[in-house]
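Chain residues, written in single-letter form:
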Amino acid sequence: MALFYPAEGRSYLMSAGVLAGAPVAQWYVALFEGDYEPQEDDTAANFGARATEMTAYAETTRPKFVGTAAVGGSTSNAGAEAKVTMNATKKVSGFALLSSAGKGSATGVLLVIQRLSSPRTYNPGDVVTIPVGLLLENAA
């Protein structure tokens, strides 16, 4: 259940963090239902089709990621977890953080993907709470 930062996400971090590139003002959480293993060349443009973005929830946009202050190379949305209310029976296999709010949008930047260790099925009316923890660490 490790975080996977594809090339697009790592390039964004280098551009915004090191080279004074334009920052993303808001990140959004997207769920996916496909049996998908994240790939190095995943992008916001191909994420939805490859991972099968799950959009069967009542909210009109992807939920916002509201992170805590970064400490020790990490941040999370603890205490402000993203939530969606299901409107169909669907399996959730993982999530991603993207810079576009549109459900199923193929624009913007894909920062990170996390495949869950085991998918979970939700039914109409279920509220899915999505805790997101991000960590940048040195390779062992």
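In case you missed it, the structure is sitting above this.
Not measured: the values here are computed from a predicted model.

**Student:** What is the right way to look at the packing of aromatic side chains in this model?
**Tutor:** One pair of aromatic rings is described through two measures. These are the centre distance and the angle between the planes. Counted by the stated rule, this structure contains 2 aromatic pairs. With a centroid separation of 5.3 Å and an interplanar angle of 80 degrees, the aromatic rings of Tyr 12 and Trp 27 are classed as edge-to-face. With Tyr 12 in helix α1 (residues 7-17) and Trp 27 in strand β2 (residues 27-32), this residue pair connects regions lying 15 residues apart in the sequence. Here Trp 27 falls in the buried class, since its relative accessible area comes to 12%. Pairing Phe 32 with Phe 47 gives two aromatic rings, centres 6.1 Å apart and planes at 85 degrees, and the pair type is edge-to-face. Here the residue Phe 32 occupies a position in strand β2, and Phe 47 occupies one in helix α2 (residues 44-51), the gap between them amounting to 15 residues. When its relative accessible area of 2% is taken as the criterion, Phe 47 is described as buried. Sitting over the ring of Tyr 57, Lys 103 keeps its end group 4.3 Å from the ring centre.

Conventions adopted
- Residues numbered from 1 in each chain as written.
- Predicted model: local features only at pLDDT ≥ 70, side-chain atom pairs only at ≥ 80, totals over all residues.
- Heavy atoms only, no water.
- Phe/Tyr/Trp six-rings, centres within 6.5 Å; stacked < 30°, edge-to-face > 60°.
- Helix = DSSP H or I, 4+ residues; strand = E, 2+ residues; numbered from the N terminus.
- Buried < 20%, exposed > 50% of the residue type's maximum accessible area, 1.4 Å probe, protein only.
- Lys NZ or Arg CZ within 6 Å of the ring centre and 35° of its normal.

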